[in-house]
Amino acid sequence: MLKIIQSNLFKKFPEIIFGFSTKIGLNRKEPYFFNMSYSVGDKKELVEENRREFFKELGLNPANVAYQKQIHSDIVKIIEKPGYAGLSDALITQVPEIGLAISSADCAAIFIYDIKNKIIAAVHSGWKGTHKKILEKTLHLMFDNFHSDPENLFVYIAPSISQKNYEVKEDVASLFDSKYLKKIDGKIFLDIKKANQDILIENGISEKQIEISELCSYEGKNLLHSYRRDGKYSGRALGLIAMRKIL
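Residues numbered from 1 in each chain as written. Predicted model: local features only at pLDDT ≥ 70, side-chain atom pairs only at ≥ 80, totals over all residues. Heavy atoms only, no water.

(A) Quick look at the sheet that holds strand β12 (residues 181–184). Spatial ordering of the open sheet is given by β11-β13-β12, a layout of 3 strands whose pairing is antiparallel. For this open sheet the edge positions go to β11 (167–168) and β12, each flanked by a neighbour on one side alone. Note: β12 against strand β13 (residues 187–190), 4 bridges, orientation antiparallel. Across the sheet, Lys182 pairs through a bridge with Phe189, a residue of β13. (Pairing = 2+ DSSP bridges. Helix = DSSP H or I, 4+ residues; strand = E, 2+ residues; numbered from the N terminus.)

(B) Just helix α5 (residues 192–202), in detail. Of all 11 residues in α5, 8 are buried; the element is thus mostly enclosed. Positive backbone phi, approximately 95 degrees, marks Gly204, located one or two places after α5. (Buried < 20%, exposed > 50% of the residue type's maximum accessible area, 1.4 Å probe, protein only.)

(C) Representation of empty space enclosed by the protein within the structure. Tallied over the entire structure, the rule returns 1 cavity of 30 Å³ or more. Approximately 40 Å³ is the volume attributed to the largest cavity. Around the largest cavity, the lining residues are Phe20, Ser21, Ser104, Asp106, Pro159, Ser217, Leu224, His225 and Ala237. Classifying every residue of the lining of the largest cavity by side-chain character gives 4 nonpolar, 4 polar and 1 charged. (1 Å grid on protein atoms, 1.4 Å probe; cavity = no way out; pocket = protein on both sides within 12 Å on 5 of 7 lines; lining within 4 Å. Points joined across faces, edges and corners; volume = space filled by probe spheres on them. Nonpolar A, V, L, I, M, F, W, Y, C, P; charged D, E, K, R; others polar.)

(D) Here's a closer look at the nonpolar core. Ranked by internal contacts, the top residues of the largest apolar core, which has 27 residues, are Phe10, Ile16, Phe18, Phe20, Leu100, Phe111 and Ile241. Counting residues per element, the ones that place at least two in this core are β2 (16–21), β7 (99–104), β8 (108–114), β9 (119–125), β10 (153–157) and β15 (237–243). Discounting residues that sit within four places of it in the chain, Ile16 has contacts with Phe10, Tyr113, Ile120, Ile241, Ala242, Met243 and Arg244. Counting 22 residues, the second largest nonpolar core, distinct from the first, contains Ile92, Ile112, Leu153 and Ile157. (Core = buried A, V, L, I, M, F, W, Y, C linked by side-chain atoms within 4.5 Å. Contact = heavy atoms within 4.5 Å.)

(E) Spotlight on the pattern of salt bridges. For the structure on display, the rule yields 7 salt bridges. Across the pair Lys179 and Asp198 runs a salt bridge, and its minimum N-O distance is 3.8 Å. In this pair, Lys179 is assigned in the loop between α4 (170–173) and β12 and Asp198 in helix α5, connecting sequence segments 19 residues apart. For Asp198, a relative accessible area of 10% translates into the label buried. With its nearest N and O atoms 3.3 Å apart, the salt bridge here joins Lys194 to Asp198. Of this pair, Lys194 and Asp198 both sit in helix α5, 4 residues apart, which is roughly one turn of the helix. We classify Lys194 as partly exposed; its relative accessible area is 33%. (Salt bridge = Lys/Arg side-chain N within 4 Å of Asp/Glu carboxyl O.)

Okay, here's the thing in structure tokens:
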């Protein structure tokens, strides 16, 4: 039994396949639980089985999934085939049946669907990516290369760390507008979800077309992976978006 988080927004589009994995699946136990990453110390064969079951639950062939090595960059890639896409933090495709995967354990995982031009994008945006505006760069690539119009874009921001649990140092805080910061007892807290939401709105996307998960990865100890909470023993979630072929 797997626990997969869905987007209410994407449920409106039958051609969209979407899911965001949790710690719950295949009765996996601590420390990594139902983990999707090969790089955290979990056994490779377990991760492979976890991924197969997750993709199977979504109705997607594992061979049709595109991955990237996320490096907290502002590199966005347009892809036309599944498999390893190299070093980047955002993927765009207009090819049906290709799943775009984002690994996450606190960072914002953001998924975009252009309902008119049938294009999808998946973005990994931690504080570095948010500061570098990787989400905006992804949108502009969609605007420039695929003639996407903001009125046709629907966006889901998956579970990530909430502001009250995202303490940052002054060097990080100085990179962001004060409206995304809250100071409590000498500590500074960053609202990464709001920062990315504002990028969407500033680029013409209506709030009605944006869904932001209220779940906090740090607080969801029994449901969600969190590097801030569990450190080196934290597993990773995968968020995945794909388009079915439209006949």
